[in-house]
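# Fold and geometry: a report
The lines below spell out each chain.
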Amino acid sequence: MVATGVRRRRALYGSLGTKLVLAVVAIVALSSTLLYLVLVERERDGLLQAKQRAANKLADLFAASLSAPLDFDDTEAVGAQLEELGTDPEVTCAAVWRDGARAPLGVLHREACPELGGSDDRIDGLHTSRDGVEVIHPVIAPTGVRVGRTLIVLALRANQAAFEETRIRLLALSALPALAITALLLLLVRGQIVVPIAELAGAARRLGEGDREARVATRSNDEIGELGAAFNGMADAIAEHERQIEAATQSLRELLDNMRQAIVAFDERGAVVGAVSREARALFGEGFEAGTVGDLLYPAAPPGAARAIERQAFDEWLALAFQIPPSSWGEIARLAPRDVVLHRADAARTVEVEFRPISRDGAVVRVMMLATDVSEQRDLRKRVETQEELYERRMAAMRRLVTGGGQVFVRFLDGATQRIARSVRVLDDGGGKIHAAQVDELFRHAHTLKGEARAFALSDLEAAAERIEEELDAIRRDDPAAQRRGFAIQALYGHLAAAQAAVAEGREVFVAASPIGEAALDQITVRRADVDALLALAPQLDASGAAGLRAAQLTRRLAARPFGESTTTLADAAPTWGEEHGKKLRVEIEGRDVPVPPALARVLSPVLVHLVRNAVAHGIEAPAQREALGKPATGVVRIEATSAERGPTIVVEDDGRGLDDDAIRKQARSLGADARAAPATQLVFASGLTTLSRAGSLAGRGVGLSAVRAELAEVGYDVVLSSQPNVSTRVTLAPRKIAPRTSPARS
Amino acid sequence: MTFRILIIDDSDALLARMQRVLSAEGYDVTITTQVIGNARHIPTSDLVIIDYHMPGIDGATVVSSLKSAAGASHRCLFYLYTSDKEVSADYGHLGFDGVITAKGDDEALRSQVSAIARISQMRSLARRPPPPK
């Protein structure tokens, strides 16, 4: 509206067309006037000069006609000459003086003459006045003597009228071309300047209003045409620039939409401003832009509610964030929340948030929030960490117990089981009711359980005992809340079941942590010297009848060591050996509680170390090789002991590449052996044979297997090796079928 | 500077758990089941978390005695930690600066203590004199 009014006023008073018209009219009028004045002046001068020439000629003739009359003082002749002169209608006055006379001798039309005076009062010559041309002329006698003076005045009236006519004609002649020129100029100005510029202005206005197609027609090659071409070029450039901006904006939007982060910008009031990414809508829901970022992150947080503190912290941060200079943003950024839990209808989502300032003129004007949904990662990590942490803590505690007081822990497990069973019986006996004495007894059991659980770092059992205490305390205090619940007894049953489960879990972890497996639950501490002395008596007991034989068997069993003792370090050490050689593996041990005769137990640990190191060095392949063969990247070395009447059989097996027959035979030949006479599984026991090109930290000196066989032979054990290419290598240690050369009783 | 927290509760198990959760977040955590003799910790603590229902005494009495012993110059915040909703709603009258809700929920404890630590640091920042121009 305002713009329209301005345009109207501009059209009336200040348009370029009006100004140009006025300028053209003024210039043409001025030029025409000047031309007219010049022409009038010229005409006037021409007329005057003609009159003057005529006056001079007439004065010459009149003076010549008076030469004789004045020389002879013929007054009548002078009068006659004056009368004749009076016939000329242009002569308005004429006078004749005798030279030196004080008054004219004769005068024509005295009434029309100026002041005449004497002969000497005038000067010869031509004088022009407004009314006419006055000529003073001397009269010279034929003798050459001046005899008088004449005055003739010719009237200009008739010439004035002619001059007026001429002036009007000149005026008309000046005005008409001026009007024609003016009209022509106006047409020219309008067509060549005003209209193109008006079109240009209109196009510029449409362009400004967003019409990208606004252009002007260029009809000439002059400056206006160049201006129009320049305008069109500028409009093209603007359109292209806008297209580029649009394309960039679209790319940016697509980039934002494809980012995993939800992006939201907000102002100092926390109001969401500007465009938001697709991920933001997915995370915060449609229409969230209408709210504030505080509501977005901490919705429904009135004072005292669960999230009130977090909301308060965020609000205080928001106020601070817009007060600091952008250069200090680092300080404020560390005070921002790092993660937020969004409680959605379907599930809670954990979102990591990061805040970045948007600054202008040295001040933070907006803050951009980048939010990433990390729920799955957090949940997974939490589960893994919780499980790992729990397992590690329990294993650490159990290892301490195993090494420092395993039997004490076993007694605690038994005692705890009995306490829980006794507590259950107390509840059973009450038949749904519970009396003060029973509460006291249950309290004692729970309190003891809690104290002992704390001592053994069994947090689940401690927590269960704590809950039993709380429940009992509520019953004791006759807590209305407990009564309202009406299921205190059932709750106690539940807590006792949880306590029993915690005890059972403690037992399982203890067995898992023990190198000798379940045998740890059945161990007592005895003096080794006593066992050795008892063992020395075994042969005599063998020969002393059935009871003696039984006593000898028990003695040998007492002296035996659990198989797990010989594998204590292997499970942890072997993966480390593999890592040093770029291999991944794990050790699986079975039969840890299998009793091993003391003589075998003495050599078994180094033998197993030899065999496992061989498996790591020769058998297990690098992860890439294994995967290429379709095997899991992590290799397995399995160590298993099984009981048998004559002694345990022990197997060490790996799932690696198997024996390299060709390499073994080649090595055997180089050592001078007859490689055709024995299978590779026998040749590997030759002293000095190794398939490794050079000795390493694990193997390669060719003494391992021969030493193993020799060691085992000393205690009556054979070594049998079998292999399948790319499947496995299996080493079996079994009691020799013939009697050993050395009696185990010696040990 | 490490944010220092003192926790007063009668449950050893809960204290140990809170210490584990909050220490893992980098806070310097001191725990105690003693309800008396804790005023010496106030000058070096940024936050004191106090249980309400304790044997023979309630949290309001504890916070009152701690505040009077510490004097007016302390910057320490006192927060109530209880599952008793009636008491929670009245934390202001009981002398606490706020209440940490959802007792027993480690994640809620972690996020609320983080918010309190940030509030404390922001207030310290606001108290700091502006740098000379």
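To continue, consider the overall build of chain B. Broken down by element type, chain B carries 4 helices and 7 strands. In sequence order, the secondary structure elements of chain B are arranged as β-α-β-β-β-β-α-β-α-β-α. The burial tally for chain B puts 37% of its 133 residues in the buried class. Taking all contacts inside chain B whose residues are at least 6 apart in sequence as the whole, residues at least 24 apart take part in 59%.

With that settled, the discussion passes to the nonpolar core. Counting residues in each nonpolar core, the largest one holds 59 residues, and the members touching the most others are Ile5(B), Val48(B), Ile49(B), Ile50(B), Tyr79(B) and Leu80(B). Every residue in contact with Val48(B), bar those within four places of it in the chain, is listed here: Leu6(B), Ile8(B), Leu66(B), Cys76(B) and Phe78(B). Counting residues in each nonpolar core, the second largest holds 41 residues, with Leu604(A), Ala641(A), Val708(A) and Val719(A) among its members.

What follows covers the pairing of strand β6 (residues 77-81) of chain B. Residue and element names in this part refer to chain B. Of all 5 residues in β6, 4 are buried; the element is thus mostly enclosed. Looking at chain direction, strand β3 (residues 47-50) and β6 are connected through 4 bridges and run parallel. Bridging across to β6, Ile50 finds its partner in Leu80. Here β6 runs beside strand β7 (residues 98-100); their pairing, made up of 3 bridges, is parallel. The residue bridging Tyr81 from the neighbouring strand is Ile100, located in β7.

Here the focus is the sheet that holds strand β15 (residues 649-654) of chain A. Residues and elements named next belong to chain A. Taken in spatial order, the 5 strands of this open sheet run β12-β14-β15-β17-β16, and their pairing is mixed. Because the sheet does not close on itself, it has two edges, and the strands there are β12 (585-590) and β16 (717-724). Pairwise comparison of adjacent strand axes, ignoring direction, gives a mean angle of 10° for this sheet. Of the pairings in the sheet, the one linking β12 to strand β14 (residues 635-642) comprises 6 bridges and is parallel in character. Among the inter-strand pairings, Leu585 is bridged to a residue of β14, identified as Gly635. Seen against the sheet, helix α19 (residues 570-580) touches β12 and β14 and runs at an angle of roughly 160° to β12.

Residue and element names in this part refer to chain A. In space, the 5 strands of this open sheet follow the order β2-β1-β5-β4-β3, with antiparallel pairing throughout. The open sheet is flanked by β2 (106-108) and β3 (125-128), the only strands paired with a single partner. Adjacent strand axes in the sheet meet at a mean angle of 10°, parallel and antiparallel pairs treated alike. Pairing geometry for strand β1 (residues 91-98) and strand β5 (residues 146-155), over 7 bridges, is antiparallel. The partner of Ala94 across the bridge, within β5, is Ile152.

Moving on, we come to the interface of chain A and chain B. If you look at the interface, chain A gives 13 residues, while chain B gives 16 residues. Elements supplying a minimum of two residues to the side of chain A that touches chain B: α9 (308-321) and α13 (459-476) of chain A. If one sorts the elements of the side of chain A that touches chain B by residue count, α9(A) sits on top with 7 residues.

Per-residue pLDDT for chain A averages 81, and the proportion of residues at 70 or more is 87%. Low confidence marks residues 740-747 of chain A, where pLDDT is under 50. Its contacts with residues over four positions away, or in another chain, come to 14 contacts.

All right, on to the pairing of strand β9 (residues 348-360) of chain A then. All names here are of chain A. Inspection of the sheet shows strand β8 (residues 339-343) paired to β9 by 5 bridges, in the antiparallel sense. Within β9, the residue paired with Val341 across the bridge is Thr350. Linking β8 to β9, which pair antiparallel, is a turn of 4 residues. Pairing of β9 with strand β10 (residues 363-373), which is carried by 10 bridges, proceeds in the antiparallel orientation. Of the residues in β10, the one forming a bridge with Ile358 is Arg366. Turn length for the β9-β10 hairpin, with the two strands adjacent in sequence and antiparallel, is 2 residues, and the turn residue Asp361 shows positive phi of about 50°.

What counts as what
- Residues numbered from 1 in each chain as written.
- Chains lettered and ligands numbered in written order.
- Predicted model: local features only at pLDDT ≥ 70, side-chain atom pairs only at ≥ 80, totals over all residues.
- Helix = DSSP H or I, 4+ residues; strand = E, 2+ residues; numbered from the N terminus.
- Buried ≥ 20, exposed ≤ 12 C-beta atoms within 10 Å, placed from the backbone.
- Contact = placed C-beta atoms within 7 Å.
- Core = buried A, V, L, I, M, F, W, Y, C linked by C-beta atoms within 7 Å.
- Pairing = 2+ DSSP bridges.
- Axes fitted to C-alpha atoms, helices over the stretch in contact; angles between N-to-C directions.
- pLDDT = per-residue confidence, 0-100.

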